[in-house]
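What follows is the residue order along each chain.
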Amino acid sequence: MRHHRNAHPTAPGAISQQALPGHHHAPGAGRLPNALGAKPRLRTPVKSAAEQAADNAANAIYAWQGKFDRIKLREGFVREFGKSPHFDAAAIPQLELLVGFIEGDARITDVRWTAYMLATAYWETTSLKKETVPVLDKHHKPVVDKKGNPLVRSRRRWAITMSPVEEVGHGANRNYYLPVKVKSLPKGGARVTEQDGDQFTVTAEGTYKAITHGAKQGAAPAQKAVTAYKDDDGDEYAYYGRGYVQLTWWSNYAKASTELNLGLQLLLNPDDVLQPQIAYKVMAHGMLTGKGFANGRKFSTYFHGARSDYVGARHMVNGSDHAADIAGIAQQFEAILIAAKS
C-alpha cells in the first residue's frame, strides 16, 4: 500500500527537427526554419458538436465551488458505507473536517476532484483500531461474571478514520523503513545521513545531491548502522507514510515542504504531516499540480468535461495499486456530494 516514488525529471536529450505530422519534405530539399526560431504550434483538436454537448452536460453536474449540506453528507456517508465491516462513526467528524478544507480551497472546482480526494483518504487512512467489545455467547447475548458485570475483550480491526494516520508497519521491508539523521545547515539547507553511511545535502529549495561517492537514496531494511551514521550529530527521524496520502521517503518530505512554502519544516518535523490541515495541503497540492508524490499526474488529466477516469487517477498516488477499488469508492462519494450540493 501507499508507497510513493520520487519524481525523476526526464534527462534532456538531443533535439532534432522533424516535419510536422502530415507534412513531408521533398527529397533533397532543405528544411525551412520556423519564423524567428519559434516552435511550431500544435493544433488543438476541434470537438464535435456531440462531444461539446457532452462536456457541457458534465460541467453542469460537476463544476462546483460551493458548500455541501452537512446533514445530507452524513446521511450519504452512512448510507454508502455504513454496512462495511470497517465502518466507524468516529470518521464522520473527520470527513466533515476534510470537506471543510476542500470547500475553503478555491482551486477545487470539480465535484469529481473532491470525490477522488475523499476516496483516497478513505482508502489510505483505513487503519487498525484497538477497541473494547462485549463478550457474547453463542446466542449473541452479553456474557456476565458472577457479580453480573459484563465481560469485555480487546480486539483490533481495520476501521475507516478519514484522518491523517501513520502507515501500518511504518514501511517495514521497504527501503525507507530505517530512520535517517538530519542536520540543519547554516544557510537553510540540511544534511541527511542514512544508516549505510550514504550522505546527501538538501537545499533550502528541497532539492538534494549526494555527498558520498555513489550514494543512493534508501537503505536495505536489514542494514546495520555503520560508524558514519552512529557518529553523525544530526537528529534521527523516520520517513514512513503519514497523512491522507501516506507521504514517504525523506526526499518527498523535503520537496513537499518547500512546495508548500514551509521551508524544510516537514523534513525536520515529519510528524507535522499528521496535522489535518498540512496533510490536506500535501494531498491537494500534489493532485492539483502533479508535483511531488504525484509524479507529474494531476486532476485535470483524469477529470475534465465528460472525461471521468477514476481508475487512471490512482497513478497520482500509487500506480495502479487497488485502482478499481478506490474508483468504486470515489463514485460512491461522487453520488453523496452531488446529493449534498447546497
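The structure presented is a predicted model; accordingly, all values stated were derived computationally and were not measured.

Peer 1: I'd love a proper account of the packing of aromatic side chains, names of residues and values included.
Peer 2: Taken as a whole, this structure holds 18 aromatic pairs when the rule is applied. Residues Tyr122 and Phe333 carry aromatic rings whose centres are separated by 6.3 Å and whose planes lie at 75° to one another, so their mutual orientation is edge-to-face. Highlighted residues: Tyr122 in helix H4 (residues 111-125) and Phe333 in helix H11 (residues 323-340), separated in sequence by 211 residues. Centroid distance Phe303 to Tyr310: 4.9 Å. Interplanar angle 55°. Geometry classified as tilted. In terms of burial, Phe303 and Tyr310 fall into one category: buried. Site record: aromatic cluster; members linked through ring pairs are Phe77, Phe81, Phe87, Tyr122 and Phe333. Its end group placed over the ring of Tyr229, Lys181 keeps NZ or CZ at 5.0 Å from the ring centre.

Peer 1: I'd love a proper account of empty space enclosed by the protein, names of residues and values included.
Peer 2: Scanning all chains against the criterion turns up 2 cavities of 30 Å³ or more. When its volume is computed, the largest cavity comes out at roughly 80 Å³. What lines the largest cavity is Asn175, Tyr176, Leu178, Pro179, Val180, Glu194, Gln195, Gly218, Ala219, Tyr239, Trp249 and Trp250. The computed volume of the second largest cavity comes to approximately 30 Å³. Lining the second largest cavity are Ala256, Glu259, Leu260, Val282, His285, Gly286, Lys291, Gly292 and Phe293. At the level of secondary structure, the elements contributing two or more residues to the lining of the second largest cavity comprise helix H6 (250-259) and helix H8 (276-289).

Reading guide: rules and limits
Residues numbered from 1 in each chain as written. Predicted model: local features only at pLDDT ≥ 70, side-chain atom pairs only at ≥ 80, totals over all residues. Heavy atoms only, no water. Phe/Tyr/Trp six-rings, centres within 6.5 Å; stacked < 30°, edge-to-face > 60°. Helix = DSSP H or I, 4+ residues; strand = E, 2+ residues; numbered from the N terminus. Buried < 20%, exposed > 50% of the residue type's maximum accessible area, 1.4 Å probe, protein only. Lys NZ or Arg CZ within 6 Å of the ring centre and 35° of its normal. 1 Å grid on protein atoms, 1.4 Å probe; cavity = no way out; pocket = protein on both sides within 12 Å on 5 of 7 lines; lining within 4 Å. Points joined across faces, edges and corners; volume = space filled by probe spheres on them.

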